Amino acid sequence: MSRKIAVAGGGPAGMAAAIQAARMGAQVTIYERNDRIGKKILSTGNGKCNFSNDKMGVEFYYGSGIKLADAIYKTIGTPETRQFFEALGMRIKEKNSYLYPASEQASTVLDVLRYELERLKVSVHTNSQVTGIKKYKGRFAVETAEEGKEDCFDAVILSCGGKAAPKTGSDGSGFVLAKKLGHKIIPVVPALTALKCKEDFCKRVAGVRCDARLTLMTQGQAVRTERGQLQWTDYGISGIPVFQLSRMAAYALQEEKHTTVDINFLPDYTESKSDGCDCSFWTDRWIKQGGQTMEQFVTGIVNKKIGLTLLKLAGIKEQVMAQDVPVSHRKKLEKLYSCLTVTVKGTNSFEQAQVCAGGVDCAEVTENLESRIIPGLYFAGEILDIDGICGGYNLQWAWSSGMMAGKAAAAGLL
């Protein structure tokens, strides 16, 4: 007799788990709280769905599940994910190691998954949220919000997501279920999101995008540096390099540590060791453009709004002649271009976050993602304490962990 498996959550990890389990002959039921499965996929990669990356490794991840991911990726990694989707009929496009469907439509990824679920006759219950899981006599009773209805299964896979983008169904309910079942939950914070800053000048440059090198500082110590396109908002800073720093900033703020970001607008220039801001670029500019007003002087270095803002912060008037600016003010301006510090007071909420950090402690699951506390209970996806940087890493974890959990649940003790 085939094993009956319940999958709580019909997101990327849940669908991958259901497909893998059904291919091994299991009778699979997906419970999805939304009116359709895979809703979150449609918003990934700006609608293009960056579903994986050819540059894969644990150095792109955080959390208690790093070693776990390393073990799983040795058997179910990017190559296997490519094969999985190609077998479903999806052509793949690679750009700077990022993998997308050739159609450049996130809906393609969802469609091929849905078609496979239909082919495998996986039962999909939408508008059906799992509210309770109990185990007795070796089987699981899964309770849903539908008039307290219960169904019995041989195994359960929790793939309810985390708390990021709750409108897509990830409202943290999976953590509640896991905790009731005895699992430890690592504190959950927003990740891959923008940072809110204290400085009022953010409003002056809101909407501006520029290349910059950003260094996250906590308690005066450098934590991590990222470079890329910085985007200014009226409340702070955003863009991919900010997203990459947001996880660490969120935990630092949770621990009430003083958190700042140092911004270098001229990352390609070599800074001298003497005072950290003098270089031939500035020496030449003061000589050649000394006859200009300071408004003219800063034009062409970076975005003009940023230049004028830095002038104000340096205490230099726009109409003063460059040659008349005191050396002390010159040095202050130069320093601001290489190190403008903004004070982080918070992150955007889970509503604006792409993923969340934290979740079920991975020390409590085996390498096949089975609970060490309750045999027959499995985990997959964002519900576990592992999160990756931008670039398809979080979706790759969803596919790999889903397929691993589905395979293990279907095999069971057989």
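Computed from a predicted structure; not experimentally measured.

Reading guide: rules and limits
- Residues numbered from 1 in each chain as written.
- Predicted model: local features only at pLDDT ≥ 70, side-chain atom pairs only at ≥ 80, totals over all residues.
- Heavy atoms only, no water.
- Helix = DSSP H or I, 4+ residues; strand = E, 2+ residues; numbered from the N terminus.
- Contact = heavy atoms within 4.5 Å.
- Lys, Arg positive; Asp, Glu negative; His and termini not counted.
- Charge placed at Lys NZ, Arg CZ, Asp CG, Glu CD.
- Buried < 20%, exposed > 50% of the residue type's maximum accessible area, 1.4 Å probe, protein only.
- Polar contact = N/O pair within 3.5 Å; in protein donor to acceptor, adjacent residues only side chain to side chain.
- Core = buried A, V, L, I, M, F, W, Y, C linked by side-chain atoms within 4.5 Å.
- Expected span 1.5 Å × (residues − 1).
- Phe/Tyr/Trp six-rings, centres within 6.5 Å; stacked < 30°, edge-to-face > 60°.
- Patch = residues over 30% accessible without salt bridge, like charges linked within 9 Å, V, L, I, M, F, W, Y side chains within 5 Å.
- Areas by Shrake-Rupley, 256 points an atom, 1.4 Å probe, with all protein chains shown as cover.
- Salt bridge = Lys/Arg side-chain N within 4 Å of Asp/Glu carboxyl O.
- Arc of directions from axis to C-beta.

As for the overall build of the protein chain
So, point 1. The secondary structure content of the protein chain amounts to eleven helices and 21 strands.
So, point 2. Along the longest, intermediate and shortest principal axes, the C-alpha atoms of the protein chain span 90 × 45 × 35 Å.
So, point 3. The long-range share in the protein chain, meaning contacts at least 24 apart out of those at least 6 apart in sequence, stands at 72%.
So, point 4. The averaged location of the 44 negative side-chain charges in the protein chain is 1 Å from the averaged location of its 52 positive side-chain charges.

Some remarks on unusual backbone geometry
So, point 1. Although it is not a glycine, S97 sits at a positive phi angle of roughly 80 degrees.
So, point 2. Tracing the backbone through its elements, the reader meets S97 in the loop between β5 (92-95) and β6 (98-101).
So, point 3. Within the chain, A165 stands out as a residue other than glycine whose phi angle is a positive 50 degrees.
So, point 4. Inspection of the secondary structure assignment puts A165 in the loop between β11 (155-158) and α5 (173-180).
So, point 5. According to the relative accessible area criterion, A165 is buried, its value standing at 17%.

Some remarks on the environment of S64
So, point 1. Inspection of the secondary structure puts S64 in the loop between β4 (61-62) and α2 (66-73).
So, point 2. Counting along the chain gives 321 residues from S64 to D385, while the straight-line C-alpha distance between them is 5.7 Å.
So, point 3. Other than its neighbours up to four places away in sequence, S64 contacts V360, D361, C362 and D385.
So, point 4. Within polar-contact distance, the side chain of S64 engages the side chain of D385 at 2.8 Å.

Some details on the nonpolar core
So, point 1. Residues L158, W232, I237 and I263 are the most contacted members of the largest nonpolar core, which totals 128 residues.
So, point 2. Take this core: its biggest share by element is eleven residues, from helix α11 (residues 393-411).
So, point 3. Membership of the second largest hydrophobic core comes to eleven residues, among which are V189, F243, Y251 and A357.

Description of the environment of F281
So, point 1. Within the secondary structure, F281 is located in helix α7 (residues 280-288).
So, point 2. In this view, F281 contacts L266, Y269 and I301; residues no more than four positions away in its chain are not counted.

Here's the deal with helix α10 (residues 327-338)
Along an α-helix, residues three or four positions apart point the same way, because every turn accommodates 3.6 residues.
So, point 1. The terminal C-alpha atoms of α10, which comprises twelve residues, lie 17 Å apart, in line with the 16 Å expected from a rise of 1.5 Å per residue.
So, point 2. Residues of α10 that are buried include every one of R330, L333, E334, L336, Y337 and S338, and no others.
So, point 3. As for α10, its buried residues are in contact with β17 (259-264), α7, α8 (294-298), α9 (304-313) and β18 (340-347).

A short note on the packing of aromatic side chains
So, point 1. Applying the stated criterion across every chain yields a total of 14 aromatic pairs.
So, point 2. Note on F60 and Y393: the rings are 4.6 Å apart at their centroids and 25 degrees apart in plane angle, and the pair reads as stacked. Of this pair, F60 sits in the loop between β3 (52-53) and β4 while Y393 sits in helix α11; the two residues are 333 residues apart in sequence, bridging distant segments of the chain.
So, point 3. Accessibility expressed as a relative area gives 4% for Y393, which makes it buried.
So, point 4. Taken together, a centroid distance of 4.7 Å and an interplanar angle of 50 degrees make the contact between Y269 and F281 tilted. Of this pair, Y269 sits in the loop between β17 and α7 while F281 sits in helix α7, placing them twelve residues apart in sequence.

Section: a positive patch on the surface
So, point 1. Among the surface-exposed residues, K196, K198, K203 and K345 lie close enough to one another that they form a single positively charged patch.
So, point 2. With respect to the element layout, K345 can be found in strand β18.
So, point 3. The class of K345 is exposed, set by a relative accessible area of 53%.

Considerations on α2
So, point 1. Taken as a whole, α2 has its buried residues at L68, A69, I72 and Y73. Buried residues of α2 fall within an arc of 125 degrees about the axis and therefore sit on the same side.
So, point 2. Next to the buried residues of α2 lie β4 and α11.

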